[in-house]
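Chain by chain, the residues:
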Amino acid sequence: MENRRDGAKIAAELQAIFNLKTAPRKIECFDVAHLAGEEIVAARVVGRDGKSSADEEIVWRFENLSETDSMAESLRERLKLLPARNDLPDLI
C-alpha cells in the first residue's frame with residue numbers, strides 16, 4: 001500500500017511540474033547507455049498507475065550511432081508502435 005501512496009504522490013508532483021490537467025497514469029521513460037563500450041543500448045520502461053509494466057519494456061541495440069542519434073532512433077521506433085489512441089502515454 002505504501003508504494004501506491006508514493007506513486008500517487010509522484011504522479012501529483014509530475015502533474016504540477018509539467019502543468020498537466022490530470023496526474024499521469026501511464027509514463028514512458030527512455031534511456032541510452034553503452035554496452036561493453038562497443039554498442040549502444042536504448043531502453044523504454046513503462047509505468048502504469050505507479051507500478052512498473054515489465055511486459056511493455058523494449059530494448060534496442062544500435063551500432064555506429066551516437067548516444068543522441070540512438071535516443072532519436074529509439075523514439076522513432078517507438079512512434080512506429082503507436083497503440084490505439086486510448087492507450088497513449090500521458091507523459092514521455
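Residues numbered from 1 in each chain as written. Predicted model: local features only at pLDDT ≥ 70, side-chain atom pairs only at ≥ 80, totals over all residues. Heavy atoms only, no water.

This brings us to the confidence of the model for the chain. A residue-level look at the chain finds 90% of positions with pLDDT of 70 or above and a mean pLDDT of 86. Here helix α1 (residues 2–17) is the element of the chain with the lowest mean pLDDT, 81, and strand β2 (residues 39–48) is the one with the highest, 91. (pLDDT = per-residue confidence, 0-100. Helix = DSSP H or I, 4+ residues; strand = E, 2+ residues; numbered from the N terminus.)

The next point concerns the pairing of β2. Direction of pairing for strand β1 (residues 26–35) relative to β2: antiparallel, over a ladder of 10 bridges. Opposite H34, over in β2, you have I40 as the bridge partner. Counting the residues between successive antiparallel strands, the hairpin from β1 to β2 contains three residues, one of them, A36, with a positive phi of roughly 60°. As paired elements, β2 and strand β4 (residues 58–62) share five bridges and run antiparallel to each other. Residue pairing in the sheet places R44 in a bridge with I58 of β4. With two bridges joining them, β2 and strand β3 (residues 51–52) adopt antiparallel strand pairing. In the strand pairing of β3, G47 is matched with S52. Counting the residues in the hairpin turn of β2 and β3 gives two residues, including D49, whose phi is positive at 50°. (Pairing = 2+ DSSP bridges.)

Here we come to helix α2 (residues 67–80). Taking 1.5 Å of rise per residue, the 14 residues of α2 would be expected to cover 20 Å, and the 20 Å separating its terminal C-alpha atoms lies within 8% of that figure. Turning to α2, its buried residues number three or more, namely S70, S74 and R78. Down the axis of α2, the buried set is contained in an arc of 80°. They therefore lie on one face. Away from its buried face by more than 90 degrees, α2 exposes T68, L79 and K80. Those residues of α2 hidden inside the fold are in contact with β1, β2 and β4. (Expected span 1.5 Å × (residues − 1). Buried < 20%, exposed > 50% of the residue type's maximum accessible area, 1.4 Å probe, protein only. Arc of directions from axis to C-beta. Contact = heavy atoms within 4.5 Å.)

This paragraph deals with the layout of surface pockets. Approximately 230 Å³ is the volume found for the largest pocket. Taken together, 16 residues line the largest pocket, and the ones lying closest to its centre are G7, A11, D49, G50 and K51. Breaking the lining of the largest pocket down by element, the ones donating at least two residues are α1, β1, β2 and β3. It is α1 that contributes the most residues to the lining of the largest pocket, six residues altogether. The class makeup of the residues in the lining of the largest pocket is six nonpolar, four polar and six charged. (1 Å grid on protein atoms, 1.4 Å probe; cavity = no way out; pocket = protein on both sides within 12 Å on 5 of 7 lines; lining within 4 Å. Points joined across faces, edges and corners; volume = space filled by probe spheres on them. Nonpolar A, V, L, I, M, F, W, Y, C, P; charged D, E, K, R; others polar.)

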